[in-house]
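Per-entry structural report
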Amino acid sequence: MKNRFVTACLIAAGVALGSAFAVAQLPGLIGMFLGIATGAYGAYTLYWTVALLKGSASTRSGTAFILLAFVVKFPLIGLGGYLAYREGPRSIEAFIIGLVMVYFALVWRAARSDLYSH
C-alpha cells in the first residue's frame, strides 16, 4: 500500500509541475516545486515526530535529530514562500497550491489506514 501511495504522489507531483508550467511558465514551475518540496519535507518530519511521540523512535540521537528537523521545517517553508514571492504572484500562488496539495495527500493517507502500525 505504501508503494502505491508513493507512486500516486509522484504522479500527482509530476502532473502538478507540468500544469503549473503550462499555466504560469517558469515562475509557476518554481513556485510549485518549492511548495511540493517544502511540503514534503514538512510532512516527512511530521510523520517522524508523531512516530517519536508514539514511542516508535528508539535512540536519543535520533530523537534530537527528529525534533531539530521538525523545528527547522517552519523557517524552511517560510524561506520557500519568500523565494516564490520574489518570483511573482503566479509563483506564490503555485507555491501555496503545492504546499496544500502535499498536506491533503498526507491527510488522505492517514485517513485510509494506520500509518504507525507495527
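Quick look at the structure, then. Source: prediction; values computed, not measured. (Residues numbered from 1 in each chain as written. Predicted model: local features only at pLDDT ≥ 70, side-chain atom pairs only at ≥ 80, totals over all residues. Heavy atoms only, no water.)

**As for the nonpolar core**
Threshold: Buried Ala, Val, Leu, Ile, Met, Phe, Trp, Tyr and Cys residues that are joined via side-chain atoms within 4.5 Å together make up what is termed a nonpolar core. Accessibility here uses a 1.4 Å probe with only protein chains present; expressed as a share of the type maximum, an area under 20% marks a residue as buried, one over 50% as exposed, and anything in between as partly exposed. Put simply, DSSP H or I for four residues or longer makes a helix, DSSP E for two residues or longer makes a strand, and each gets a number counted from the N terminus.
Core analysis: the biggest nonpolar cluster contains eight residues, these being A13, A16, A20, M32, I36, A43, A94 and V102. Elements with a minimum of two residues in this core: α1 (2-54) and α3 (89-112). No other element matches α1, which puts six residues into this core. Within the second largest apolar cluster, five residues are counted, among which are L34, A84, F95 and L99.

**Description of the packing of aromatic side chains**
Here is the rule we go by: Pairs were defined over the aromatic rings of Phe, Tyr and Trp, the Trp ring being its six-membered one, requiring ring centres within 6.5 Å. Orientation was assigned from the angle between planes: stacked under 30 degrees, edge-to-face over 60, tilted for the rest.
Enumeration according to the criterion identifies four aromatic pairs in this entry. Both rings, one in F5 and one in W108, keep their centres 5.8 Å apart while their planes meet at 25 degrees; by these two values the pair is stacked. On the criterion of sequence distance, the pair formed by F5 in helix α1 and W108 in helix α3 is long-range, its members being 103 residues apart. Given the relative accessible area of 19%, F5 is considered buried. An angle of 85 degrees between the planes, with centres 5.5 Å apart, marks the rings of F70 and F74 as edge-to-face.

The quantities given are spatial measurements derived from coordinates; they are silent on function.
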